[in-house]
Amino acid sequence: QVQLVESGGGLVQPGRSLRLSCAASGSIFSIYSMGWYRQAPGKQRDLVGTITSGGTTVYADSVKGRFTISRDNAKNTVYLQMNSLKPEDTAVYYCNAEIASTPGIAYNYWGQGTQVTVSS
């Protein structure tokens, strides 16, 4: 069994920064892509960005230049550094990872979500 646990959400003023963490635990043989999605009230869940096991990143246009995804493979953890936050960044942020518990068979897992609210 695999779990993803996010932390680091909260209330922050516009222009400030926040860092989210997501740690994977359980029966893990290998972790492939990891990433972050977000869902604002009344909207669909959208991609924020992803990072491969080799460190290649992809970002949504709305966060390019402000958000940075990184990962620590030794700790099975992915991070989301969010700078210059805007009110429109307010959402529940979800961690996502493609994880194999046995060689060659990977499944997609989601965290429980963490609320980020950007408001003065």
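Scroll up for the structure.
This report concerns the structure included in the present document. (Residues numbered from 1 in each chain as written. Predicted model: local features only at pLDDT ≥ 70, side-chain atom pairs only at ≥ 80, totals over all residues. Heavy atoms only, no water.)

This next bit is on the state of the cysteines. One pass over the structure, following the stated rule, counts one disulfide. Two residues, Cys22 and Cys95, share a disulfide whose sulfurs are 2.1 Å apart. Between Cys22 and Cys95 the disulfide shows an S-S torsion of about -80 degrees. By sign, it is left-handed. Separated by 73 residues along the polypeptide, Cys22 in strand 3 (residues 18-26) and Cys95 in strand 9 (residues 91-102) bring together distant segments of the chain. By the burial criterion, Cys22 is buried, and Cys95 matches it. (Disulfide = S-S within 2.5 Å. Helix = DSSP H or I, 4+ residues; strand = E, 2+ residues; numbered from the N terminus. Buried < 20%, exposed > 50% of the residue type's maximum accessible area, 1.4 Å probe, protein only.)

Turning next to the pattern of salt bridges. Counted according to the given criterion, the structure contains three salt bridges. Across the pair Arg38 and Asp89 runs a salt bridge whose closest N-O atoms are separated by 2.9 Å. Here Arg38 is found in strand 4 (residues 30-39), whereas its partner Asp89 is found in the loop between strand 8 (77-82) and strand 9, with 51 residues between them in sequence. Judged by its relative accessible area of 0%, Asp89 is buried. Three or more residues are tied together by salt bridges with common partners; here these are Arg38, Arg66 and Asp89. (Salt bridge = Lys/Arg side-chain N within 4 Å of Asp/Glu carboxyl O.)

Take it as geometry only, folks, not as evidence of what the structure does.
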